[in-house]
Every structure is written in C-alpha cells, then in structure tokens.
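# Architecture at a glance
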Amino acid sequence: MTLDAYRHVKSGGGKLKFRARAIRAEQGEDGAFEAAVLLREAARAEERALRLLQAPDVETRLGAAVERCGCLVGARAPNAASLAWGEVLNESDAASPEIVRTYRQKLDPAYDALQRAFRRAIDASPVLKAARLRWAYVADQASARAELEALVAQFPGDFDLAYMLYQAGVFTRDHRAAWAALAKARQLEPENYVAWGAELLLAPRVLPLSKAEAHLEAAYSQLRRLRGDVDADSFLCFAVASLLLAGASKQPKTHHARALEAAELGVSARSDLFDSKPDLRVARDLAADLVAGRPPSINAFYRAGRGKLVDAAPAKDRNDPVRIFTGSFAYGGHALPSAA
Amino acid sequence: MTSLGEKRRRAAGRARTYRLEQLYQDQDRDWVFDSVPALVGLLSSSSTKRRQPCSFDVDHMPTTGGATTRLALSLDWDMAALELQDPAVRERARRYASGRTPHREHLPEMAGYGLALVAVSVLLPGQRVVDMEQWRSPDLLLDNTPGARRGVEVACRTSGGWAAVRSVRLDKLPALAREKTLAEVHLSLWSGWPRVSEFCKVKP
C-alpha cells in the first residue's frame, strides 16, 4: 500500500512537470507563472512521495532531492531552490561520488546559473539591495516597487518576491495590488500559513462584504479541521479578520463568537513561531466582552502585556479598543517566510 | 524508380502503421495531450517536408547488445479524430509547425516525447509510461519503484539522420550503463529529417 501510494504521488508530480514543460514550450514567458505553479506543486509531490517510504535508500533520497531542487530551479524560484539545494548537499554526503556525479549532472550547472542570475538581478536593484530585500526598510518605495516588479517577472516562481510585492501593496495602502500579489504568492505556496494569515487579514479590507464573509466561512471550517496543526499566527489572523468583519456585517455576533473561538484555540496552540499568543490574549478578552454584550475593555491590552499598542494607536482610535487592536495589523509586517 | 527509403523498407521486411489517435488508448492521456501537438507540428513543418503517412526507419535492438532489426514505422493521423480528444490540437500543432511558439528549441523535445510514447506502444506492447524525471535519467519511466526503476531515455533532433542519432547514443550510453539503480533502460532516439530512429535496450 505504501509503495502504491508512493508510485501514485510521484507519478502525479511527473505529470505536472510534463504539463509545465508543454506550457513553457507553447506559451513562453506568458506561461512562466502557470508553469512555475505546476513545478512547485511537482516539487511538493516529490517530497510527499518520499515521506511515504518507510526507509528510502540513499539513491532514492538523493534522487528525490535532485528532482525537487530541479523543479524549483525550473520554476525560477531561487530562494526555495537554495533551501532545496541544502538537501541535495546533505544527501550527497551519504552517496558514492559516482552516484552524486550521475544524479547531479544536469542540476548543478542549472542551479549555479539560476543563483548567478538572481545575484545579478539583485545587484541591478540598488534600492531593494540597500534595504536587504525587506520592504519595511525600503527608502524610496516607487523605485523599489519598479525593481521588485522586474524581479518578480524574472523569477516568477519565487514566493518570497511575490510576498514582498504583497507587502509593498499593503505599505502603500494599495490593497487591491496587494491582494493580487498575495493571490499569486498563495498559488506558489498554498500551504504557507503566513500567506494564508495575510490573506485573512486583507480579505475584509478588499472584498465585498458577502465575499469576505464567504472567505472567512471557508477559513473557519479549515481552522476547525486542522486545529492541532495550525500555528497560533493563523488563529490570530482569523480572529482579527473576524473582528474587522463584524464592524461591517449584519451578523456581528457570529463573527465575535468565531473570533473568541479562534483566539481560545490559538492561545492553546502547540506552535507559536511568531510569538502571537500575547495578541491572541488581547483578541480573546475583547471578543469575550463583545460576545457577553459588554463594551470591550482597554485593560485587555495591559493584561496581555501589549499596552504599547494603546500608546502607538492614532489619537482618534484610543477610545475604541477593537480599532486599536485591528489597526495594529494594517501594515503587513510579517517577516518573510521561508517555506518551500 | 524505387526510392532508397522504399528499398530499406522492403529489405527490412517489417512495416507497421501507427495512428496517433491510438496513442490516447495506449498511453495515459496526461502524456499524450501535450506531446501530440508537437509531434504533428514536427511532422508537418516545412523543414521536414510534410508527407502523410510519415515513415521512419527504426533500428530496433530489443536486447542489450543484441541483433538489430529495421522497422518501417509509418505515422498517420486523422485530425478530426485527434480533435475529439483535444479541440485545440490543430491550432497547437500549427503553431509548433510554423515556428511561432516562443521557444522553438522545445519542438523536438516535446515531439521526441510523443515519438517515444509511440515507440513504447509499438515496441513494448502493453507497457505504459507512468512518470517523468526532469533532472535525472531516464526521462520517461515505465516503473518508478525505488531501486528498480525502468524507463526510456529520449532524444530528438530536427535533422541529422543516422549520424545525429548515433552521436546522441554514444553520448548517453556510458552514463546510463553506469547507473546502478536502474533495472531496465531503453534509448529512444529520433531524427525529424531524414526520418530515422533507434530504439535500443541498453540495460540489463
């Protein structure tokens, strides 16, 4: 059964690679993003297939690492490829030099060429380079955006660049551009929970009310289904989005109740990579007040050790704890994730 | 006056016509859907002198290092039948044939996969391609079981004839022979014009 599942998953990845190749052949650069999405899914299939084997031998592990890295090279995703390259190097240590040479014959020059092209492209992007590829540090946003768009065109499969384009949109209050960039980033890494959280936060600001509510409804089902495997950050983003949406919805109590449920689940989540639990405690206390029909208390911030959010809030928001809280998530400041 | 190709076919005594629409039955649709347009494009392009049925002289070596037999493999197709499987196939093939796809170098590559699928269907009857490797050999896998992979390494040149085919074989053979994790490998090598091919077992 395990071997059958391996064969099936691996075969599915092979078909994605073949389809991507045809798209590149028939559409050229116009199909580059579509092909990249398929290749990144093929890379994940290689990884999933390998996990299905109980004790894969060194050749199988190295072969999977080579194909996975190769898919990311083909997708022109230099950041993800560099992560996968580490696996190629690690698996190569255990294999014979002859196997390493045979398996990496095509990959090594292609990987080197991609990384050289990426470094050249960064060198040709002085504003982004000066900001160390972090949008929050960018000095000249217009120039940086032009540089970033050129990089995204050159490396269409790179999640980090697509995500930075989303951040650029949020920082410049161009929420529609941010949404479009985030949609592409999500296609490249559908399981990246940081991008999922960003999408939840942006949906109430971009989508019409009915669509935003449908979006959160789907996310609510997903969170309940995955609850044990979800990082606290995803619960936090959902809770914030629910509080935002409640302000516009005809059914605010539903959203308050869901914000409370997500915050409670988040506070007890096993994984908390972004130290989200203090904010989740704020969300929980605010939502609990709203569900109970009480005015939300500013004390929620101080009880959770987040009093500095009150000080940093715009003067007009200081008497509205929910606005203080949701407003603190308006700038898309998540660190760049590195999932491949 | 009898052409040289006709003399070869008569000398070989083996001839086979394969209709491309049959490929949708013999192989998984996922492979066929994207390779047939390129294959029809290659066979219809002006550089390979359109003529249907298109006949390839195929040197077939069914056992490693064994005897070679020559097969006259004629490829024929009914565009209307192909369109039942892929309504866009005519336009896709035309774009390949006219060189209007963005990357012309992909034409022989994608067509080569189509030709290899035909070769597997004709010369390894009952076998189906199940997987594709992009970064290690062989390209098309008949079985992707770890440690016992079986497959077909593919190469196609738009021109060059026997010399091009043999050159590719000599280039690919040593590495494939060295590969200890492969249980079975075939080489499927093609020249678009003159239309010649080798399909040889190189392992075990």
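## Details of the overall build of chain B
- Summing up its helical and strand segments, chain B has 7 helices and 8 strands in all.
- Across the 204 residues of chain B, 56% fall into the buried class.
- Long-range contacts, defined as pairs at least 24 residues apart, comprise 63% of the intrachain contacts of chain B with a sequence gap of at least 6.
- Carbon and sulfur atoms make up 52% of the accessible area of chain B, which totals about 8,400 Å².

## Some words on helix α14 (residues 252–267) of chain A
All names here are of chain A.
- Over its 16 residues, α14 extends 22 Å from the first C-alpha to the last, a length consistent with the 22 Å expected when each residue adds 1.5 Å.
- Buried within α14 are the following residues: His255, His256, Arg258, Ala259, Leu260, Ala262, Ala263, Leu265, Gly266 and Val267.
- Residues of α14 that are buried make contact with α12 (209–226), α13 (232–246) and α15 (277–291).

## Some words on the sheet that holds strand β6 (residues 149–159) of chain B
All names here are of chain B.
- Strand order across the open sheet formed by 8 strands is β1-β3-β2-β8-β7-β6-β5-β4, with mixed pairing between neighbours. Of all strands in the sheet, those bounded by a partner on one side alone are β1 (15–19) and β4 (131–132).
- Sheet analysis places β6 next to strand β7 (residues 182–193), joined by 10 bridges and oriented parallel. Residue pairing in the sheet places Cys156 in a bridge with Trp190 of β7.

## As for the state of the cysteines
Residues and elements named next belong to chain A.
- Applying the stated criterion to the full structure yields 0 disulfides over all chains.
- Between Cys69, a cysteine without a disulfide, and Cys71, which holds the nearest cysteine sulfur, the sulfur-to-sulfur distance is 9.3 Å.
- Residue Cys71 is classed as buried on the basis of its relative accessible area, which comes to 0%.

## Some points on the nonpolar core
- One finds Leu128, Tyr166 and Phe325 of chain A to be the most contacted residues of the largest nonpolar core, which totals 111 residues.
- Here this core gets 10 residues from one element, more than from any other, and that element is α13 of chain A.
- Leu39, Leu43, Ala116 and Val154 of chain B belong to the second largest nonpolar core, which has 49 residues in total.

## Describing the interface of chain B and chain A
- Counting residues at the interface gives 35 residues for chain B, matched by 38 residues for chain A.
- Summing the contributions of chain B and of chain A, the shared interface buries around 3,300 Å²; its carbon and sulfur component is 54%.
- Of all residues in chain B, the largest losses of buried area upon contact with chain A belong to Gln134, Trp135 and Arg136 of chain B, amounting jointly to 26% of the total for that side.
- Taken together, the connections running from chain B to chain A amount to 9 salt bridges.

## Some thoughts on the pattern of salt bridges
- On inspection of all chains with the given rule, the structure shows 47 salt bridges over all chains.
- Measuring nitrogen to oxygen at the nearest pair gives 3.0 Å for the salt bridge that ties Arg294 of chain A to Asp289 of chain A.
- Judged by relative accessible area, which is 44%, Arg294 of chain A ranks as partly exposed.
- Take Asp289 of chain A: its relative accessible area is 11%, and that puts it in the buried class.
- The salt bridge involving Glu91 of chain B is made with Arg94 of chain B; its shortest N-O contact spans 2.7 Å. In this pair, Glu91 of chain B and Arg94 of chain B are both assigned in helix α5 (residues 89–97), 3 residues apart and thus about one turn of the helix distant.
- A relative accessible area of 37% places Glu91 of chain B in the partly exposed class.
- Arg94 of chain B gets classed as partly exposed once you look at its relative accessible area, which sits at 39%.
- Salt bridges sharing partners connect three or more residues here, namely Lys10, Lys17, Glu46 and Glu67 of chain A together with Asp131, Glu133, Arg136, Arg149 and Glu179 of chain B.

## Focus: the environment of Leu189 of chain B
Residue and element names in this part refer to chain B.
- Checked against the element boundaries, Leu189 lands in strand β7.
- A C-alpha to C-alpha distance of 7.5 Å links Leu189 and Arg169, two positions 20 residues apart in sequence.
- Once residues lying within four places of it in the same chain are set aside, the contact partners of Leu189 are Ala155, Val165, Val168, Arg169, Val196, Ser197 and Glu198.

## Remarks on helix α6 (residues 107–123) of chain A
Residues and elements named next belong to chain A.
- The terminal C-alpha atoms of α6 lie 24 Å apart, and with 17 residues this matches the ideal 24 Å at 1.5 Å per residue to within 8%.
- By the burial criterion, the buried members of α6 are Leu107, Tyr111, Leu114, Gln115, Ala117, Phe118, Ala121 and Ile122. Down the axis of α6, the buried side of the element spans an arc of 160°, and every buried residue falls inside it. Those residues of α6 that are exposed and aimed more than 90 degrees away from the buried face are Arg119 and Arg120.

## Things to note about the confidence of the model for chain B
- For chain B, the mean per-residue pLDDT works out to 88, and 88% of the residues sit at or above 70.
- Reported for the predicted complex are a pTM of 0.90 and an ipTM of 0.90.

## Re the pairing of β6 of chain B
Residue and element names in this part refer to chain B.
- With 8 of its 11 residues buried, β6 lies for the most part within the structure.
- Bridge count for strand β5 (residues 140–143) against β6 is 3 bridges, and the pairing is antiparallel. Its bridge partner lying in β6, Leu141 is registered against Gly151.
- Counted between consecutive antiparallel strands, the loop separating β5 from β6 contains 5 residues, among which Gly147 sits at a positive phi close to 80°.
- Considered for its hand, the β-α-β crossover made up of β6, helix α7 (residues 161–178) and β7 is right-handed.

## Comments concerning the packing of helix α1 (residues 2–27) of chain A against helix α3 (residues 29–44) of chain B
- In contact at an axis separation of 10 Å, α1 of chain A and α3 of chain B are set at 10° when each is read in the N-to-C sense. The pairing of α1 of chain A with α3 of chain B is recorded here as roughly parallel in orientation. Note that α1 of chain A runs across α3 of chain B; the crossing there is left-handed. For the pair α1 of chain A and α3 of chain B, the contacting residues are Gly14, Lys15, Phe18, Arg19, Ala22 and Glu26 of chain A in the first and Asp30, Trp31, Phe33, Asp34 and Ser35 of chain B in the second.
- When the residues that make up the contact of α1 of chain A with α3 of chain B are grouped by side-chain class, the tally is 4 nonpolar, 2 polar and 5 charged.

Rules of the game
Each chain has its residues counted from 1, following the order in which its sequence is written. The lettering of chains begins at A and the numbering of ligands begins at 1, in the order of writing. Whole-chain, interface and lining totals are the exception, using all residues; otherwise, since this is a predicted model, local features are given only for residues with pLDDT of at least 70 and side-chain atom pairs are given and counted only at 80 or more. In computing side-chain properties, one takes all heavy atoms of the structure into account and sets aside hydrogens as well as water. Each helix corresponds to a stretch of at least 4 residues labelled H or I by DSSP, and each strand to a stretch of at least 2 residues labelled E; elements are numbered beginning at the N terminus. Exposed residues in this analysis have more than 50% of their type's maximum accessible area, buried residues have under 20%, and partly exposed residues fall in between, with area computed by a 1.4 Å probe over protein chains only. Two residues form a contact once any of their heavy atoms are found within 4.5 Å. Residue exposure ignores everything except the shown protein chains as possible cover, and the areas themselves are Shrake-Rupley values with a 1.4 Å probe. Here the expected span of a helix is defined as 1.5 Å times the quantity of residues minus one. Should DSSP find at least two bridges between two strands, the strands are taken to pair. The criterion for a disulfide is a pair of cysteine sulfur atoms lying within 2.5 Å. What we call a nonpolar core is a set of buried Ala, Val, Leu, Ile, Met, Phe, Trp, Tyr and Cys residues that are connected through their side-chain atoms within 4.5 Å. Defined in terms of a 1.4 Å probe, buried area is the accessible area two parts forfeit on being brought together, summed over both. Salt bridges are defined as contacts in which a side-chain nitrogen from Lys or Arg sits within 4 Å of a carboxyl oxygen from Asp or Glu. By arc we mean the arc of the directions from the helix axis to the C-beta atoms, nothing more. As a per-residue quantity, pLDDT reports the predictor's confidence and falls between 0 and 100. A clockwise course of the path from the first strand over the helix to the second, judged with the strands pointing away from the viewer, identifies a crossover as right-handed. Throughout, an axis means a line fitted to C-alpha atoms (over the contacting stretch in the case of helices), and angles, computed between N-to-C directions, take values from 0 to 180 degrees. The cut-offs work like this: below 35 degrees is roughly parallel, past 145 is roughly antiparallel, 65 to 115 is roughly perpendicular, and the gaps in between are oblique. In this scheme the crossing of two helices becomes right-handed for a clockwise turn of the near helix relative to the far one and left-handed for an anticlockwise turn of less than a right angle. Amino acids are sorted into nonpolar (Ala, Val, Leu, Ile, Met, Phe, Trp, Tyr, Cys and Pro), charged (Asp, Glu, Lys and Arg) and polar (every other residue, Gly among them).

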